Amino acid sequence: DAKTTQPPSMDCAEGRAANLPCNHSTISGNEYVYWYRQIHSQGPQYIIHGLKNNETNEMASLIITEDRKSSTLILPHATLRDTAVYYCIVSRIYNQGGKLIFGQGTELSVKP
Amino acid sequence: GAGVSQSPSNKVTEKGKDVELRCDPISGHTALYWYRQSLGQGLEFLIYFQGNSAPDKSGLPSDRFSAERTGGSVSTLTIQRTQQEDSAVYLCASSPRTGERADTQYFGPGTRLTVL
């Protein structure tokens, strides 16, 4: 599975949009981009995933560049409850074993 | 609907004892995964089940670690002769393997294991 690169930490003001970048320059054509987050002392929580097109759900938006080498997770109106570690993971479609390879993620702090 | 549940939530044991950790996946999810997260470390894959079979055990750190799954549902992770370095949060996840979110993994709250 392709490796990802994320900034170790970011701050965001409450109510503003949080834009979390991820580089995955070695991504293959059959790999999805997944985003999970882990709030302190909880299990990881699925946020969103995409292959080529931009995606939006009730939690976030995912913008994937045309060459698919990077993506941005957007939390449109960050709240204090969005403070968490955010993981960007690339994973093959119906991949062997199904395992997720977690990096260090981005620690997002939403401040009042 | 019910999510992934794990028990116990906390386990304190003495070095050398055996422990069993339990995972109840989301009903109907055929895939089940175990991960662990040591203090200050990232999440580390341990083992993957599809049904009752474990096609990928590559993350189990030693032969003291084993896992089984019965009835395509509940899974037990067993650690024999526990060592202090086994102290971690053990996380279980399940995924449906069909449909739009076939490979989306849904995680339980974890079991915090402390080996004294």
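Use the structure listed above.
Each value, and the rule that gives it
Residues numbered from 1 in each chain as written. Chains lettered and ligands numbered in written order. Predicted model: local features only at pLDDT ≥ 70, side-chain atom pairs only at ≥ 80, totals over all residues. Heavy atoms only, no water. Pairing = 2+ DSSP bridges. Helix = DSSP H or I, 4+ residues; strand = E, 2+ residues; numbered from the N terminus. Axes fitted to C-alpha atoms, helices over the stretch in contact; angles between N-to-C directions. Buried < 20%, exposed > 50% of the residue type's maximum accessible area, 1.4 Å probe, protein only. Disulfide = S-S within 2.5 Å. 1 Å grid on protein atoms, 1.4 Å probe; cavity = no way out; pocket = protein on both sides within 12 Å on 5 of 7 lines; lining within 4 Å. Points joined across faces, edges and corners; volume = space filled by probe spheres on them. Nonpolar A, V, L, I, M, F, W, Y, C, P; charged D, E, K, R; others polar. Salt bridge = Lys/Arg side-chain N within 4 Å of Asp/Glu carboxyl O.

## What to know about the sheet that holds strand β1 (residues 9-13) of chain A
Residues and elements named next belong to chain A.
Step number 1: Read across the open sheet, the five strands follow the order β1-β9-β8-β3-β4; overall the sheet is mixed. A strand with exactly one partner marks an edge of an open sheet, and here the two such strands are β1 and β4 (45-50). Between one strand axis and the next, the sheet turns through 25° on average, direction left out of account.

## Considerations on the pairing of strand β9 (residues 88-95) of chain B
Residue and element names in this part refer to chain B.
Step number 1: When you tally the buried positions in β9, you get eight out of eight residues, the bulk of the element.
Step number 2: Alternating positions in β9 separate into two faces, A88, Y90, C92 and S94 on one and V89, L91, A93 and S95 on the other, with burial throughout.
Step number 3: Sheet topology places strand β4 (residues 31-37) next to β9; seven bridges connect them, and they run antiparallel. The residue bridging Y33 from the neighbouring strand is A93, located in β9.
Step number 4: Bridging between β9 and strand β11 (residues 111-115) involves three bridges; their strand directions are antiparallel. Bridge pairing links V89 to R112 in β11.

## What about the state of the cysteines?
Step number 1: Evaluation of the coordinates by the stated rule reveals two disulfides over all chains.
Step number 2: One disulfide in the model links C22(A) with C88(A); its S-S distance is 2.1 Å. Between C22(A) and C88(A) the sulfur-sulfur dihedral comes to about -80°; the bridge is accordingly left-handed. Remark: C88(A) occurs in strand β8 (residues 84-92) and C22(A) occurs in strand β2 (residues 18-23); sequence separation between them is 66 residues.
Step number 3: The disulfide bridge from C23(B) ends at C92(B), spanning 1.8 Å between sulfur atoms. Taking the sign of the S-S torsion, about -65° here, the bridge from C23(B) to C92(B) comes out left-handed. Of this pair, C23(B) sits in strand β3 (residues 19-24) while C92(B) sits in strand β9, placing them 69 residues apart in sequence.
Step number 4: Overall, C23(B) belongs to the buried group, its relative accessible area being 0%.

## Focus on the layout of surface pockets
Step number 1: When its volume is computed, the largest pocket comes out at roughly 710 Å³.
Step number 2: In terms of residue count, the dominant contributor to the lining of the largest pocket is β11(B) (four residues).
Step number 3: Residues that form the lining of the largest pocket fall into these classes: eleven nonpolar, 18 polar and two charged.
Step number 4: For the second largest pocket, the calculated volume is near 230 Å³.
Step number 5: Broken down by secondary-structure element, the contributors of at least two residues to the lining of the second largest pocket are β4 of chain A together with β10 (106-107) of chain B.
Step number 6: In terms of residue class, the lining of the second largest pocket is built from nine nonpolar, six polar and two charged.

## What about the sheet that holds strand β6 (residues 61-64) of chain A?
All names here are of chain A.
Step number 1: In spatial order, the strands read β2-β7-β6-β5; together these four strands make up an open sheet with antiparallel pairing. At either margin of the open sheet sits one strand with a lone partner, and together these are β2 and β5 (55-56).
Step number 2: Relative to strand β7 (residues 70-75), β6 is paired through four bridges, and the arrangement is antiparallel. The residue bridging S61 from the neighbouring strand is I74, located in β7.

## Let's talk about the environment of N30(A)
All names here are of chain A.
Step number 1: Note that N30 resides in the loop between β2 and β3 (31-38).
Step number 2: Taking relative accessible area as the criterion, N30 reaches 38% and is therefore assigned partly exposed.
Step number 3: Residues N30 and S91, spaced 61 residues apart in sequence, show a C-alpha to C-alpha distance of 8.3 Å.

## So, the pattern of salt bridges
Should the charged atoms of two oppositely charged side chains come close, the side chains can pair.
All names here are of chain B.
Step number 1: Under the counting rule described, the total for this entry stands at five salt bridges over all chains.
Step number 2: Between R22 and D24 there is a salt bridge whose closest N-O contact spans 2.8 Å.
Step number 3: R22 gets classed as partly exposed once you look at its relative accessible area, which sits at 37%.
Step number 4: Its relative accessible area of 21% is what places D24 among the partly exposed residues.
Step number 5: Close ionic contact of R36 with E44 constitutes a salt bridge, the shortest N to O distance being 2.9 Å.
Step number 6: We classify R36 as buried; its relative accessible area is 10%.

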